[in-house]
Amino acid sequence: MKPPAVDDYLRLREESGLSARTREEAENGVNGAWASACVIHVESGETVGMGRVLSDGGWYFHIIDMAVLPRHQRKGIGDAIMTALLDRIGEQAPNAYVNLLADPPGRRLYERHGFTESAPVSVGMKRTSAHG
Ligand SMILES: CC(C)(COP(=O)(O)OP(=O)(O)OC[C@H]1O[C@@H](n2cnc3c(N)ncnc32)[C@H](O)[C@@H]1OP(=O)(O)O)[C@@H](O)C(=O)NCCC(=O)NCCS
């Protein structure tokens, strides 16, 4: 389960419609995940999908960067990535707490894998800068 290359990471995020990140952000972050899964198109060698997990390695696991190139969506690639990530988490921690922030395109996929909405008990909160 290798991390995506920096170029693939930037391209997958941008082409799938996730926010574009800078090269510096990608270079600093791409090897920092606890686990990553990539899907490579055999004929072209192109990386067409990815997903990553942030974790303390104990019990807490946060899934990020689920992205499949639009022309390869709706073929089960997202499902395969999620299965691989959850299998890896399951090997590490049978009673893992796994969460994610679900954008609309992923919600049905996540529900199929057993995710339920955490609200109203817990709601996702965010800020986009460390400096307010
Ligand atoms: C979310 C995302 C990663 C899902 O990837 P994907 O590869 O399209 O996922 P899957 O193919 O496994 O499933 C998507 C749909 O295709 C369907 N599907 C899977 N294989 C299929 C096939 N062979 N033929 C037809 N439909 C198929 C699934 O049943 C599913 O349908 P549903 O959403 O109506 O329930 C992708 O849509 C994406 O990158 N979106 C943009 C980025 C984004 O928003 N990411 C999520 C951030 S939280």
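This is a predicted model, so every value here is computed, not measured.

Participant: Tell me about the overall build of the protein chain, and name the residues and values.
Facilitator: Helix and strand content of the protein chain: four helices and four strands. Listing the helices and strands of the protein chain from first to last along the sequence gives α-α-β-β-β-α-β-α. Its C-alpha atoms give the protein chain a radius of gyration of 15 Å, near enough to 14 Å, the size a compact globule of 132 residues would have. Projected onto its principal axes, the C-alpha positions of the protein chain cover 45 × 35 × 25 Å. Every one of the 132 residues in the protein chain was classed for burial, and the buried ones make up 32%. Residue pairs at least 24 apart in sequence account for 53% of intrachain contacts in the protein chain once pairs closer than 6 positions are excluded. For the protein chain, the computed accessible surface area is about 8,700 Å², with 50% contributed by carbon and sulfur atoms. When the 15 basic and 17 acidic side-chain charges of the protein chain are each reduced to a single mean position, those positions are 3 Å apart.

Participant: Quick one: what's the story with the side chain of His72, residue by residue and with numbers?
Facilitator: With respect to the helices, strands and loops of the structure, His72 is situated in the loop between β3 (60-68) and α3 (77-92). Residue classification places His72 among the buried residues on the basis of a relative accessible area of 9%. Within polar-contact distance, the side chain of His72 engages the side chain of Lys75 at 3.0 Å. What His72 contacts, discounting residues up to four positions off in sequence, is His41, Glu46, Val48 and Ile77.

Participant: Give a description of the site of the ligand that names residues and reports values.
Facilitator: In the vicinity of the ligand there are 20 residues, among which Val68, Arg74, Gly76, Gly78 and Arg112 approach most closely. One nitrogen or oxygen atom from the main chain of Lys75 is found 3.1 Å from an oxygen atom belonging to the ligand. Here Gly76 contributes a backbone N or O atom positioned 2.7 Å from an oxygen atom of the ligand. When isolated, the ligand has an accessible area of 940 Å², and the protein chains bury 74% of it. Elements supplying a minimum of two residues to the shell around the ligand: β3, α3 and α4 (107-112). Residues of the shell around the ligand, tallied by class, amount to nine nonpolar, five polar and six charged.

Each value, and the rule that gives it
- Residues numbered from 1 in each chain as written.
- Predicted model: local features only at pLDDT ≥ 70, side-chain atom pairs only at ≥ 80, totals over all residues.
- Heavy atoms only, no water.
- Helix = DSSP H or I, 4+ residues; strand = E, 2+ residues; numbered from the N terminus.
- Rg over C-alpha atoms; globule rule 2.2 N^0.38 Å.
- Buried < 20%, exposed > 50% of the residue type's maximum accessible area, 1.4 Å probe, protein only.
- Contact = heavy atoms within 4.5 Å.
- Areas by Shrake-Rupley, 256 points an atom, 1.4 Å probe, with all protein chains shown as cover.
- Lys, Arg positive; Asp, Glu negative; His and termini not counted.
- Charge placed at Lys NZ, Arg CZ, Asp CG, Glu CD.
- Polar contact = N/O pair within 3.5 Å; in protein donor to acceptor, adjacent residues only side chain to side chain.
- Near = heavy atom within 4 Å.
- Nonpolar A, V, L, I, M, F, W, Y, C, P; charged D, E, K, R; others polar.

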